[in-house]
Amino acid sequence: MRIGIVCYPTYGGSGVIATELGKALAERGHVIHFITYSQPVRLESFSENISYHEVPVPAYPLFLFPPYEIALTSKMVDVARFEKLDLLHVHYAIPHASSAYLAKKILAKENIALPFITTLHGTDITLVGKDKSYEPVVTFAINESDGVTAVSESLKKDTYAYFKIQNEIEVIPNFVDLQRFSKQPKEHFRKAIAADNEKLVIHTSNFRKVKRVQDVVKVFQKIREKIQSKLLLVGDGPERANIEQLCRELNIYNDVRFLGKQDPIEELLSVSDIFILPSETESFGLAALEAMACQVPVISTNTGGLPEVNVQGVTGFLSNVGDINDMAEHAIHILEDPQRLAQFKKNALQHAAKFELKNILPVYEKYYEKVLQRSRKKNPLIREQV
Ligand code: GMT
């Protein structure tokens, strides 16, 4: 198949999933065209089946807000025409789904078929998407998509609850590449950060408010009272300065390492003992899955799709949003007993394996076929590109 993939190129989970999916599809022989405003962060290696098309957004004195959606739509039309795409797969509804709808309509005028699939990732539904500034367009674009997928049962339920959706939503969970995300022998790295008897607590995110990174710091403070440990904070974002300030106020700054955005995240996870994800809302929690794949048990909230990833008392523990004491107690419970910690690590990997890339990839391929067939039946007069 010749597939256009549209995503955010940044460190967010939707961009990561879109890029890893495209790379894996390319390895299976599909021809993949990434369309976005800059090189996706996980698109680091060359493949003959992958092209990247940058969306330029020309500035003009009249534009206070340069219209990215229009530039994106034009690029979708251009790539679909000249690369003869069979379908478009857009990740994150805003603004990708409405741009895809417009591109499809433009191409239909030229008698070219371009069915599109929208994958809902999380905040496009649970936070920004349902804001009344966006809601009517998001509802329309989801209903007009030729296929819609959500990354968890919880997100599917939320989508039906927040929007008037007539379309069927298929749940295709996120995945992890166990070849990349596995525990690696990086003990020298551990030694550089922590003393022999110290445990390593880790959190990775984009430091947005929804991630509640301040709760990570407060939970760590409580862990540290009982267990000698260090906290690794990986990532960056708008809350960074406030988090640093909190570490100073709590007088734990010397035991916290702000590592910034890190690409080889699996190396850091490999030496970590516990992962903390205290999010306000989380449709799936890809970061938790990646941690589990590297044998790191997870202390998370019980919001959104997290219970579909982190299993209570097996791969970690789940608490109510903001319940710092509960999270700290559970973390200490795991960390204080070496045998228990070893068991949780083993369980984490075992459960993560259910989300292995090689299991999820064929599900996407089958879904693409289904959508293509359905769209051919619906629009027999529109020509496919050969
Ligand atoms: O919030 C983020 O970390 C980024 C955001 C995105 O769309 O880029 O993540 C969402 O999609 C991820 C991939 O499907 C999920 O694993 C995250 O749970 C989800 N984030 C939220 O729901 C807050």
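As shown above, the structure is provided for reference.
This structure is a prediction, so every number in the text was calculated from the model and none was measured. (Residues numbered from 1 in each chain as written. Predicted model: local features only at pLDDT ≥ 70, side-chain atom pairs only at ≥ 80, totals over all residues. Heavy atoms only, no water.)

**Q** Kindly report on the site of the ligand, identifying the contributing residues and their values.
**A** Of all residues adjacent to the ligand, which total 18 residues, the nearest are S14, H121, N174, E282 and S283. Within the backbone of G13, a nitrogen or oxygen atom sits 3.3 Å from an oxygen atom of the ligand. When the ligand sits alone it has 480 Å² of accessible area, and the protein chains cover 94% of it. A per-class count over the shell around the ligand returns 4 nonpolar, 11 polar and 3 charged. When residues of the shell around the ligand are sorted by domain, at least three fall in each of domain 1 (2–175 + 356–378) and domain 2 (187–355). (Near = heavy atom within 4 Å. Polar contact = N/O pair within 3.5 Å; in protein donor to acceptor, adjacent residues only side chain to side chain. Areas by Shrake-Rupley, 256 points an atom, 1.4 Å probe, with all protein chains shown as cover. Nonpolar A, V, L, I, M, F, W, Y, C, P; charged D, E, K, R; others polar. Domains from an automatic or database assignment.)

**Q** Before we move on, can you summarise the pairing of strand β1 (residues 2–6) with the specific residues and values?
**A** The buried fraction of β1 is high, at 4 of 5 residues. Pairing of β1 with strand β2 (residues 31–36) involves 5 bridges; the strand directions are parallel. Looking at β2, one finds that V6 is bridged to I35. By the bridge criterion, 4 bridges tie β1 to strand β4 (residues 87–91) in an arrangement that is parallel. Across the sheet, V6 pairs through a bridge with V90, a residue of β4. (Buried < 20%, exposed > 50% of the residue type's maximum accessible area, 1.4 Å probe, protein only. Helix = DSSP H or I, 4+ residues; strand = E, 2+ residues; numbered from the N terminus. Pairing = 2+ DSSP bridges.)

**Q** Could you give me a rundown of the layout of surface pockets, with the residues and numbers involved?
**A** Roughly 490 Å³ of volume is contained in the second largest pocket. Around the second largest pocket, the lining comprises 21 residues; the ones closest to its centre are K23, A24, E27, D177 and L357. For the lining of the second largest pocket, the elements supplying multiple residues, two or more each, are α1 (13–27) and α15 (357–378). Looking at which element gives the most residues to the lining of the second largest pocket, the answer is α1, with 5 residues. Residue composition of the lining of the second largest pocket, grouped by class: 9 nonpolar, 3 polar and 9 charged. (1 Å grid on protein atoms, 1.4 Å probe; cavity = no way out; pocket = protein on both sides within 12 Å on 5 of 7 lines; lining within 4 Å. Points joined across faces, edges and corners; volume = space filled by probe spheres on them.)

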